[in-house]
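# Breakdown of the fold
As a plain string of letters, each chain reads:
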Amino acid sequence: MDERDWLAERFEENRPHLRAVAYRVLGSVSEADDAVQETWLRLSRSGTGGVENLGGWLTTIVARVSLNMLRSRASRREEPMDPPVSGQPVTGPANGTDPEHEAVLADSVGLALLVVLDTLTPAERLAFVLHDMFAVPFEEIAPIVERSPAAARQLASRARRRVQQAGPKNPKKPNEPDTERQPEDASRQREVVAAFLAASRQGDFEALLAMLDPDIVLRADAAAARMGAASEVIGARAVAGTFSGRAAAGRPALIDGAAGAVWAQGGKTRVVFAFTITGGKVAAIEMIADPERIGQLEVVPG
């Protein structure tokens, strides 16, 4: 197998994820496909020299391409070329031959959320999508949006508040847009976090498991890792095992306006747990122990 064939094989392994990222950023299947194709062209031209994490590198490239497309669209004041029909999932090619569209179908965004995302600036939308939907750390988002990590966090925070304010408050009714995977409103977020902490303190593994998205990602920053946390834990069973019986000192808090938790010692916050909650499930948790990063957050105990 020559290098180009090897690159093509690795790219196809990442294609479903890249297409899902591009679609959530752009809200258009055809534009998402264009972004993924441009990502392949850049990979084929540059190769992988010096790239340690190909998946992360490809995510960064497709995010930059998508951001440029968003900015170009905004300058032309155009709408997405093919917004999804209300309540309908994203569909793949008519011949059904490319399997990557199954991933997009599984992760498709309801029309209601796309409408809200369209009110955000390109940088806000990208920061929100990458962090809240794909658990990309702000340190990796920052260079894409040409901001500091703290500024990237604020972009996502502003976007999150607008999404939550526009989010559904009533149970879903027939013929309404699909909101199952949309971020929860603030009160529901707090309920989920409180239940999570209670189950964790009680060591109730099954209760924890029921609250977690099957593909949940738990990430710890370098400071948390030095305290003994794993840098990354993926999957509901692994994350439930990590927290079961181990959050006795965790307390609920609002982190940049979103429900989360903190561990404090001597009246000082030592670790922040930033939760991402969609469809009533915990989809991602970020453990932050870096004092400088914590100082940049708005932490309100409660």
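Numbers given to residues run from 1 along each chain, matching the order in which its sequence is written. The predicted nature of this model means local features are confined to residues of pLDDT at least 70 and side-chain atom pairs, given and counted, to a pLDDT of 80 or more, with totals for whole chains, interfaces and linings taken over all residues. The basis for every side-chain value is the complete set of heavy atoms in the structure, and neither hydrogens nor water enter the calculation.

Our focus in this paragraph is the pairing of strand β5 (residues 268-278). With eight of eleven residues buried, β5 is to be regarded as a mostly interior element. DSSP calls a pair of strands paired once it identifies at least 2 bridges connecting them. The way it works is that DSSP assigns letters per residue, a run of H or I at least four long becomes a helix, a run of E at least two long becomes a strand, and they are numbered from the N terminus. Connecting the antiparallel pair strand β4 (residues 258-265) and β5 is a turn made up of two residues, with glycine 266 showing a positive phi of about 60°. The pairing of β5 with strand β6 (residues 281-288) spans seven bridges and is classified as antiparallel. Along β6, the bridge assignment pairs alanine 274 with glutamate 286. The hairpin turn running from β5 into β6, its antiparallel successor, is two residues long, and glycine 279 in that turn takes a positive phi close to 60°. Exposure classes here rest on a 1.4 Å probe applied to the protein chains alone. A residue is buried below 20% of its type maximum, exposed above 50%, and partly exposed in between.

If you look at the biggest cluster of nonpolar residues, it comprises 46 residues, and the most contacted ones within it are Leu126, Leu130, Ile141 and Val145. Secondary-structure elements contributing two or more residues to this core are α1 (3-26), α2 (29-46), α3 (54-76), α5 (111-117), α6 (122-134), α7 (138-145) and α8 (149-166). Whether two residues touch is decided by their heavy atoms; if any such pair falls within 4.5 Å, the residues are in contact. Contacts of valine 145, omitting those with residues within four sequence positions, involve Leu67, Arg71, Ala123, Leu126, Ala152 and Leu155. Ranked by size, the runner-up nonpolar core spans 30 residues in total, among them Ala199, Phe243, Ala261 and Met287. Grouping buried Ala, Val, Leu, Ile, Met, Phe, Trp, Tyr and Cys residues that are joined through side-chain atoms within 4.5 Å yields what is termed a nonpolar core.

What follows concerns empty space enclosed by the protein. The gaps of empty space that remain are located by a probe, the size of a water molecule, rolled over the atoms. Within this scheme a cavity is a closed region of a 1 Å grid, computed over the protein atoms alone, that accommodates a 1.4 Å probe without allowing it to escape, whereas a pocket is open but has protein on both sides within 12 Å along at least five of seven lines; lining residues each have an atom within 4 Å of a point. Grid points are joined across faces, edges and corners, and a volume is the space filled by probe spheres set on the points. Counted according to the given criterion, the structure contains one cavity of 30 Å³ or more. Of the volumes computed, that of the largest cavity is approximately 70 Å³. Considering the residues around the largest cavity, the lining is formed by His131, Ala135, Val136, Pro137, Val217, Arg219, Ala274, Thr276, Ala284, Ile285 and Glu286. Taken together, the elements giving at least two residues each to the lining of the largest cavity come down to β1 (212-220), β5 and β6. Take the lining of the largest cavity: its biggest share by element is three residues, from β6. Here the term charged refers only to Asp, Glu, Lys and Arg, the term nonpolar to Ala, Val, Leu, Ile, Met, Phe, Trp, Tyr, Cys and Pro, and the term polar to all other amino acids, Gly among them. Looking at side-chain class alone, the lining of the largest cavity contains seven nonpolar, two polar and two charged residues.

Turning our eyes to something else, we now look at the confidence of the model for the chain. pLDDT runs from 0 to 100 and stands for how confident the predictor is about each residue. Per-residue confidence for the chain gives a mean pLDDT of 77, with 78% of residues at or over 70. Within the chain, the element-level pLDDT minimum falls on helix α4 (residues 101-106), averaging 38, and the maximum on helix α10 (residues 205-211), averaging 93. Considering only residues more than four positions removed or in separate chains, one finds that residues 77-109, a stretch of pLDDT under 50, has 52 contacts. Note on residues 169-184: pLDDT under 50 across the span, and 36 contacts to partners over four residues away in sequence or across chains.

Attention now goes to the packing of aromatic side chains. Any aromatic ring pair is given by two values, namely how distant the centres are and how the planes are angled relative to each other. Two aromatic rings, drawn from Phe, Tyr or Trp (for Trp, its six-membered ring), form a pair once their centres lie within 6.5 Å of each other, and the interplanar angle then sorts them: stacked below 30 degrees, edge-to-face above 60, tilted otherwise. In the structure shown here, the tally under the stated rule is four aromatic pairs. With centroids separated by 5.4 Å and ring planes inclined at 55°, the aromatic side chains of phenylalanine 11 and tryptophan 40 adopt a geometry described as tilted. Taken together, the residues span a long stretch of sequence, with phenylalanine 11 in helix α1 and tryptophan 40 in helix α2 at a distance of 29 residues. Accessibility expressed as a relative area gives 1% for phenylalanine 11, which makes it buried. Considering the side-chain rings of phenylalanine 243 and phenylalanine 273, the 6.1 Å spacing of their centres and the 65° angle between planes classify their relative orientation as edge-to-face. Of the two residues, phenylalanine 243 sits in helix α12 (residues 236-243) while phenylalanine 273 sits in strand β5, which places them 30 residues apart along the sequence. The exposure class of phenylalanine 273 is buried, given its relative accessible area of 13%. Each member of the aromatic cluster is reached from another via a ring pair, and the members are Phe196, Phe243, Phe273 and Phe275.

Here the second largest pocket is characterised by a volume of approximately 420 Å³. Together, 21 residues line the second largest pocket, and Phe243, Arg246, Val271, Phe273 and Met287 are the ones closest to its centre. Taken together, the residues of the lining of the second largest pocket sort by class into 17 nonpolar, three polar and one charged.

With phi around 55°, alanine 135 is a residue other than glycine that occupies positive phi space. Within the element layout of this structure, alanine 135 appears in the loop between α6 and α7. Judged by its relative accessible area of 11%, alanine 135 is buried. The phi dihedral of glutamate 146 falls on the positive side, at around 60°, and the residue is not glycine.

A separate point is the sheet that holds strand β3 (residues 250-255). With mixed pairing, the seven strands of this open sheet are ordered in space as β2-β1-β6-β5-β4-β3-β7. Since the sheet does not close on itself, it has two edges, and those belong to β2 (232-234) and β7 (299-301), each with one partner. In this sheet, neighbouring strand axes are inclined to one another by 25° on average, regardless of whether the strands run parallel or antiparallel. Pairing geometry for β1 and β6, over five bridges, is parallel. Across the sheet, the residue bridging to valine 217 is alanine 284, located in β6. Here the axes come from fitting lines to C-alpha atoms, over the contacting stretch only for helices, and the angles between their N-to-C directions go from 0 to 180 degrees.

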